[in-house]
Amino acid sequence: EPDKVIKLRLVAEPPEALDESLATLDVWIRDDGDAGRFLVPHMTWVSETSLESEAISYNISNESCATWISRDGLSSGIAGLQVELQNCAVAIPEVRDHATYVKDFLYNEQSEPLIWEDGESGRKCAVALLTQEAVEAIIFQGFIPPTDRIWIWINADGKLERDEGLCFGLTVTNGSAAVQEQNFAVLLYDSGLDGGGRIRCVRGLDCVMDMSNSSALMYQYGFVQPSVEGANCLPCDEAYGYGDSSANLSSDMISSFNLTGSATNLLANLGMSLKEFTPGTYSVCLCGIGINGQVATMTLSGPRLRNTGFCAMSWPHCALEYWDAVNPAIGHDHLQIMTDCDRPDLTPEGFRLGGNTVLALTGFAMRNTSEMRTAENGIYVLCYCYETATQKCDQLEQFKAGAGTFIYIGPNRLPPMTSMLGQSFQVSNVFGTRLTDEDKVMLLPQCGVPHGQPFLDSLNATFDFNNSRFNFGILREEDGFLAMDYQLCWCQPADGRFGGPVIACDEPQHFLAHIGTVRLICSFRYVDLDGHGHCRQCPLMIQTAGGPRGEECVIAVDLFVMAFSWLTLMTLFFLAIFSSFRCSRHGVMKLHGMPRKVEDICNERDHLLITTCGFHNLIKLKRHPIPVFLQGTGHFLLDSKPEKPIQLYVMPVNELILEVVDKDGKPVSFQADSSMGQVEVPFFRTLIHSALPDCSLPLLLQLILLLGGSVALGIYLLPSPQELAIYVLLAIVLVLL
């Protein structure tokens, strides 16, 4: 203590008995060291996470303090201390590198000095800590903690930052016995990412954050935002649209929440709002009363949306080797191929049964690629589910979070096709997903199962990318193909990159994707009578393959009509021949036109006319007269004899009358009269000037057309020799009748 002086004045009786110069005196009281001294730690280190567990509550004890000050030694007299927050850069320069001007704490100043009474020694708390309960009691219930110390409420925020330094100045109160003035500091070790408690959410699950270990208070509200190094929480008015705490912030990777529960069980329920958020680290930010800003860190686990997987329909197995996720969990992370994560009912049956998998050490391997092949090619989504004790990820409805894109490579399904053995076969209009000009197809009894014949097991067609088709060429029975149903099987080569298999597409076992059905049928008029695929010709030309499976010979209406037409043409052909020509023998065999009987020969108006019995069937070609011979008329100027032929010329007047003219087509100058005889036309002239009734075409052209039609139909019908002979004889018989 400082020296003290007591001034004394002596009073004598009688007064004159004392010399006035000796009537006053000074009594000096010097400190004998019995007031004690203050022991103040120059610097105290405390971990952020330990503050809450050691903090003061309703029962204030000597255990809840960040900085203790002790009165040591003798304790004579009253001693008081005043503690004030100081600027570290001025008060304790060595702490300034630790100090941060963004304080994650609230404090209440000391309003009364910290007092040690006369004779009192020991330690007292100069910087005390508040629990979450105490802060809520102060705010909501009017609880007033002791005022003789500084109270600090630490926000163990979970934000990775520099250690924080709190500096204090210490002064003694007036009249204190103990004398000690100095500065001291409290350094807060940063707690890292778990300052507010370990909070973890998973995409696709309801996110309920336990805020009990953070500095959050009841009735506060807040939001989560992506954590960015060096960045703080958005201001609440900016995040909530200028103070609207009821706004829904589920946009731009920011989602809001309200706090519910109690101080010991404080929860923030985000529901499924984080389902489409990018996994990673998020800041949990508070608004309203109390501390505003970051109070905790939340880790959102699960796959990132940029994952991409692909498989070809023909691959024997389908695996996703590369997986981008936060905190991947082997045995817990499940994937399902779907059309839409929000519409499980749209998922193809093939993916329902085979397009799901769980994470293993080697990645994701789809459960059943054989079932997957029943699904169509295309672009799908990968949907994610995290397996928990109550969720086994065995229902499509549990795969709620998108995890990326899945490309199922392959051609579109083709409608059933039919091709005839012995003809060229090509598959046209082939489109699909990510096809290449190296794709191949084979015709197999069953996809992946060989024929057992070397030629057929090596026969495939390569994709013509520019024309979208596969061309097999001619399929022959002699090469081993049978009249039966084959599966059109597709394969795309793979070189093993990106986790895929190594496939050369040169063996039937590689062609596993069934994209269509091809029925090979027997060629025209051939049929598989025994059902073994071997074609045999039907016995009749009017028969073709029929029956339920085309294994019976049935009469075809079109072939029957063609056969009847063929018989008609042959009959007309023979009719034209037999009715237009006759063979006679006058010394030698001679073929000439059919004779026309004469009904009358007479002159009318200087024209010599011949009237025939019935139609003469001769046609006029321009002004060319027709050479003829007359016999049996009894007129010496008209009748021809073998030894003396007389060639005359006629021109048709109508269907019954011929006019006799000279070779220039002019009327003759002689006269004749007869009512008998016949007119004969030479063979070659018959071909040119004769015709069938009611037809103006020359006989030669008619015969050519009839013969050509008969030959064409005969080639199409392919009659057996016996059938050909029967039809020819039948046509001749019909003509003769």
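Look above for the structure.
Cut-offs applied
Residues numbered from 1 in each chain as written. Predicted model: local features only at pLDDT ≥ 70, side-chain atom pairs only at ≥ 80, totals over all residues. Heavy atoms only, no water. 1 Å grid on protein atoms, 1.4 Å probe; cavity = no way out; pocket = protein on both sides within 12 Å on 5 of 7 lines; lining within 4 Å. Points joined across faces, edges and corners; volume = space filled by probe spheres on them. Helix = DSSP H or I, 4+ residues; strand = E, 2+ residues; numbered from the N terminus. Axes fitted to C-alpha atoms, helices over the stretch in contact; angles between N-to-C directions. Parallel < 35°, antiparallel > 145°, perpendicular 65-115°, else oblique. Left-handed = near helix turned anticlockwise from the far one by under 90°. Contact = heavy atoms within 4.5 Å. Nonpolar A, V, L, I, M, F, W, Y, C, P; charged D, E, K, R; others polar. Pairing = 2+ DSSP bridges.

(A) How the structure looks around empty space enclosed by the protein. The tally for this structure, following the rule as stated, stands at two cavities of 30 Å³ or more. Of the volumes computed, that of the second largest cavity is approximately 40 Å³. Together, Cys311, Ala312, Met313, Trp315, His317, Cys318, Thr369, Met372, Arg373 and Tyr408 line the second largest cavity. For the lining of the second largest cavity, the secondary-structure elements that each account for two or more residues are strand 20 (307-312) and helix 6 (369-372).

(B) Fine view of the packing of helix 8 (residues 557-580) against helix 10 (residues 699-717). Following both chains from N to C, one finds helix 8 and helix 10 inclined at 150 degrees, their axes separated by 9 Å at the closest point. On the basis of the axis angle, helix 8 is roughly antiparallel to helix 10. Once helix 8 is placed against helix 10, the crossing between them reads as left-handed. Counted together, Leu559, Met562, Ala563, Ser565, Trp566, Leu569, Met570, Leu572, Phe573, Ala576, Ile577 and Ser580 of helix 8 and Leu699, Leu703, Leu706, Leu707, Gly709, Ser710, Leu713, Gly714, Tyr716 and Leu717 of helix 10 form the full contact between these two elements. Taken together, the residues of the contact of helix 8 with helix 10 sort by class into 17 nonpolar, five polar and no charged.

(C) Focus on unusual backbone geometry. With an omega of 5 degrees, the peptide bond running from Glu13 to Pro14 counts as cis. Along the chain, Pro14 falls in the loop between strand 1 (4-9) and strand 2 (24-29). With a phi close to 55 degrees, Arg434 is a non-glycine residue in the positive phi region. Locating Arg434 in the fold gives a position in the loop between strand 30 (432-433) and strand 31 (440-444).

(D) Region of the structure containing the sheet that holds strand 44 (residues 596-604). The strand order around the closed barrel formed by six strands is 44-45-48-47-46-49, and the pairing between neighbours is antiparallel. Sheet twist, expressed as the average angle between the axes of neighbouring strands with direction ignored, equals 45 degrees. Summarising the sheet, strand 46 (residues 626-631) and strand 47 (residues 648-652) pair through three bridges and their orientation is antiparallel. Residue pairing across strands places Pro627 opposite Tyr649, the latter belonging to strand 47.

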